Amino acid sequence: MVAVLSDKEFTGFSRLIFDQAGIHMSPSKKPLVSGRLTKRLNHHSLDSFGEYLNLVSKDAAERQVAIDLLTTNETYFFREPQHFEFLSKVIAPELSRRSGIRIWCGASSTGEEPYTIAMTLAESLGHTNFDLLASDISTRVLETARKALYPIEDAKDLPAAMRMKYCLKGVGGQEGWFLVNDAMRARVKFEQINLNADLPDMGPFDVIFLRNVMIYFSPETKRDLLSRLVPLLRPGGYFIVSHSESLHGVTDQLKMVKPSIYRKPESHT
């Protein structure tokens, strides 16, 4: 017998993902929830989604598994390339005049975005004297990101020169895969961070990338998150969201440089 996700059970999972990750799930996401969690019902030999909801409410490890399955993790190298062009041509020259360069890539998923940032900075600065924090709520994607091993077809999104310089083509048992090289992996530190929980003491940053994240948040959640993130940004630092997002009406502490790219005023205290 195949379990059917009731409206009441869907509401329970929606509340769980909102409380844990701040993500609002519309009723249209009901098939996604059912499809992604059915395997966990089978794994635990449960007959209903209600039983599984009861399990995740009590079992922190299983709750993390459910969060991993329900959070969206679409990403690829050089996604929204205009941001990396801006990083290369505008931000990097400014950062070249300072030491202790620090970047944060929030909701970094399986690692393609932070490795893209690292490669772009290395090319633009001519060195790797920078630190890049990459975070996600999902332990599953962070495990993949730390390995930095990707299907060879994903390399198509990388410029040929960068692919040759910063990636290693797999051979033997790793044929069909490529590995981001040691120099780039050494620059990126991956940590599990829940953006909607108390943030660790980790600032300040010169640039914060938080792309394709807040589109899932309510206006109240966005405002609360920005009130906690802006203080982590150095005066003059940049805050970058996706092209489908805007901070209009969310915060007045950042000024738009161009659509999706914001800056903290130098005089901000």
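Report follows, based on the coordinates. (Residues numbered from 1 in each chain as written. Predicted model: local features only at pLDDT ≥ 70, side-chain atom pairs only at ≥ 80, totals over all residues. Heavy atoms only, no water.)

Bringing the nonpolar core into the picture now. F13, L37, W104, M214, F239 and L247 are the most contacted members of the largest nonpolar core, which has 43 residues in total. At the level of elements, α1 (7–21), α2 (30–43), α3 (49–58), α4 (60–70), β7 (205–209), α10 (219–229) and β8 (233–240) are the ones that each hand at least two residues to this core. Element by element, the count of residues in this core is highest for α1, at five residues. Contact partners of M214, with chain neighbours within four places excluded, come to K222, L225, L226, F239, V241, E245 and L247. Counting 40 residues, the second-largest nonpolar core is a separate cluster that includes L87, C167, F178 and I261. (Core = buried A, V, L, I, M, F, W, Y, C linked by side-chain atoms within 4.5 Å. Buried < 20%, exposed > 50% of the residue type's maximum accessible area, 1.4 Å probe, protein only. Helix = DSSP H or I, 4+ residues; strand = E, 2+ residues; numbered from the N terminus. Contact = heavy atoms within 4.5 Å.)

Across the sheet, three strands lie side by side as β3-β5-β4; this open sheet has antiparallel pairing. Each edge of the open sheet is held by one strand with a lone partner, namely β3 (149–151) and β4 (167–169). Across this sheet, the average inter-strand angle for adjacent strands is 30°, counted without regard to direction. When β3 meets strand β5 (residues 177–180), the two strands line up antiparallel, connected through three bridges. Of the residues in β5, the one forming a bridge with Y150 is F178. (Pairing = 2+ DSSP bridges. Axes fitted to C-alpha atoms, helices over the stretch in contact; angles between N-to-C directions.)

Given a rise of 1.5 Å per residue, 15 residues ought to cover 21 Å, and the 21 Å separating the end C-alpha atoms of α1 matches this to within 8%. Within the sequence span of α1, burial applies to E9, F10, G12, F13, S14, L16, I17 and A21. Buried positions along α1 lie against α2, α3 and α4. Positive backbone phi, at 75°, marks G22, one or two positions downstream of α1. (Expected span 1.5 Å × (residues − 1).)

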